[in-house]
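Secondary and tertiary structure notes
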Amino acid sequence: MNAGYEIERLLQFAQKHKLIKGLDVIVARNALLDVMKLDAPYEGDLAEEELEAPTPILENLLDAAAEKGLFDNEVYQYRVNFEARIMGCVTPGAEAVAHKFKKLYKKKSPKKATKYFYDLCRDSYYIRTAQIARNIQWVSHAEYGELEITINLTKPEKDPKTIALEKLQPQAGYPKCMLCRENPGYAGRVNFPARQNHRVVPLSLCGERWYLQYSPYVYYNEHCIVFCDEHKPMEMDRHTLELLFSFVGQFPHYTCGSNANLPIVGGSILSHSHFQGGRYVFPMQKAAISQHLEAKSFAGVRAGILHWPVSTVRLEGAEPAALIEAGAAILEAWQGYSDESVGVRAFTGETPHNTVTPILHYEKERGYILDVTLRNNRTSEEYPDGIFHPHPEYHNIKKENIGLIEVMGLAILPSRLKDQSAAIADILSGRAENTSREAGSPLAVHADWIDELLAKYGTALAPEAAAEVVKKEIGVVFGKVLENTGVFQLTDAGQAAFLRFLQTAGFCAL
């Protein structure tokens, strides 16, 4: 395999996808020669190609680099980091990207600007399309609507060598986290991804400097992250709502929401203030209103309790100021609200437990739609991981925090479920014995669940039917997980308690 030839293929790809042109091609070629430790370029014939992604070229270059000993190919993260280094050579500069984004926004439209930026992040392979394509996805039907299920295969399990190397890494404080503005261009390390092909664009939200980027492992279309210039912890207050409205006001084709700011009910990065969004309609956005509300104190605001397992108030209207006022009233009332009859306690000593997950989108016919989801992170002796958190009987499917994306009805499930669900389907179709109770069984975590499935379906299903049954039942479990997360259950008592709370925030049932 000729590495010089692969470099020319990559340069051709980069030009066709408008990553580089003109004199930048020479600069990129020389940078790639340096990265691959080659003295001179390939000068022979080059076949014309029309590739959607550079994956096959990168695999060849990475194999050639590993063969030369340019990185330790036994450590997957080093391979990923070297890949970013290669693609960084053909990725436009940060200032050029920001300038073009701003120009398209002003002269064309917000949609044109985000499409350009999203396509660039895909073409530069910051968004890892080949890995994302491996994800297993399906739709599960529930009483409150469709739920979307994803088994996340984009991040492989860490091997023992990688784990050992990570333990030996010295404490590093740069970048402070994976969301900081210093990430673009960073070379990476074994426990921190390389970011040479990463770009962000500056935004102004409420007069503050923020940045827009895309997630390298998109879970839905144009999955974006909006992060604060300053490395500061997640917050949840009136200003959070103002920032969300500022963003959606500038990018009305995007949904945008904030993870909660407290452990257990928050996202994976609480140390850096950020939002997530994208050009996507989530299951929760399709949910119906189960109880319309009167909001006399908030003129022009239509309100209702959402028919959704995670307790949510929907606010709609044309004027951001009125919706912010209504949303802040719910947030501020909730932060100090307790109702022991349903297990809700606002504080343990000085430790707060109540917060919200706000989600905003815009529709031309309806105006702004703000969904305010109530969260509580209290633990108990019975539920040490969280009372309003996936309960232990469902940890075989989902144990991690229920963050913004899951709240909206999109499950992100661990990669182990790919093989485990296939093995369970084999049991239900009689092609394999149930070994889940045997010592060391990889299915041990599912033993109780498998017993339930066997009692319900037996062992005589056709293989295809067995696979579909397992998918269906995973969806059922995710629905139960969302119900666990709801602070006011979908029962008469739970909804009565929900209305009692809303009265304290200035709302009543119609």
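As a starting point, this report considers the structure included with it.

Definitions and limits used
- Residues numbered from 1 in each chain as written.
- Predicted model: local features only at pLDDT ≥ 70, side-chain atom pairs only at ≥ 80, totals over all residues.
- Heavy atoms only, no water.
- Helix = DSSP H or I, 4+ residues; strand = E, 2+ residues; numbered from the N terminus.
- Contact = heavy atoms within 4.5 Å.
- Areas by Shrake-Rupley, 256 points an atom, 1.4 Å probe, with all protein chains shown as cover.
- Lys, Arg positive; Asp, Glu negative; His and termini not counted.
- Charge placed at Lys NZ, Arg CZ, Asp CG, Glu CD.
- Buried < 20%, exposed > 50% of the residue type's maximum accessible area, 1.4 Å probe, protein only.
- Pairing = 2+ DSSP bridges.
- Polar contact = N/O pair within 3.5 Å; in protein donor to acceptor, adjacent residues only side chain to side chain.
- 1 Å grid on protein atoms, 1.4 Å probe; cavity = no way out; pocket = protein on both sides within 12 Å on 5 of 7 lines; lining within 4 Å.
- Points joined across faces, edges and corners; volume = space filled by probe spheres on them.
- Nonpolar A, V, L, I, M, F, W, Y, C, P; charged D, E, K, R; others polar.

This part takes up the overall build of the protein. Across its full length, the protein holds 15 helices and 16 strands. Counting only C-alpha atoms, the protein reaches 75 × 60 × 45 Å along its principal axes. For the protein, the share of sequence-separated contacts (at least 6 apart) that also reach a separation of at least 24 residues comes to 65%. By element, 51% of the accessible surface of the protein is carried by carbon and sulfur atoms, the whole surface being about 22700 Å². Side chains of the protein carry 54 positive and 63 negative charges; the gap between the two charge centres is 6 Å.

Of all five residues making up strand E9 (residues 302-306), four are buried, and the element is well covered by its neighbours. Here strand E8 (residues 289-294) runs beside E9; their pairing, made up of four bridges, is antiparallel. For isoleucine 289, the partnering residue across the bridge sits in E9 and is leucine 306. Of the pairings in the sheet, the one linking E9 to strand E10 (residues 312-317) comprises four bridges and is antiparallel in character. Bridge pairing links isoleucine 305 to valine 313 in E10.

Among the secondary structure elements, threonine 255 is positioned in strand E6 (residues 255-257). Reaching out from threonine 255, the side chain makes a polar contact with the backbone oxygen of tyrosine 280 at a distance of 3.5 Å. A polar contact of 3.3 Å, which involves the side chain of threonine 255, links it to the side chain of glutamine 285. Not counting chain neighbours up to four residues away, the residues in contact with threonine 255 comprise Gln276, Gly277, Gly278, Tyr280, Phe282, Gln285, Ile359, Leu360 and His361.

What follows is about the environment of leucine 413. Its location among the elements puts leucine 413 in strand E15 (residues 410-413). Separated by 264 residues in the primary sequence, leucine 413 and isoleucine 149 have C-alpha atoms spaced 7.5 Å apart. With near-sequence residues (within four places) excluded, leucine 413 lies in contact with Ile149, Thr150, Ile151, Asn152, Ile397, Lys398 and Ile474.

Quick look at the layout of surface pockets now. In this structure, the second largest pocket encloses a volume near 550 Å³. Around the second largest pocket, the lining is made up of 20 residues, and of these His17, Lys18, Leu19, Lys100 and Tyr116 lie nearest the centre. When residues of the lining of the second largest pocket are traced back to their parent elements, those giving at least two are helix H5 (94-107) and helix H6 (110-123). Its residues assigned to classes, the lining of the second largest pocket comprises eight nonpolar, four polar and eight charged.

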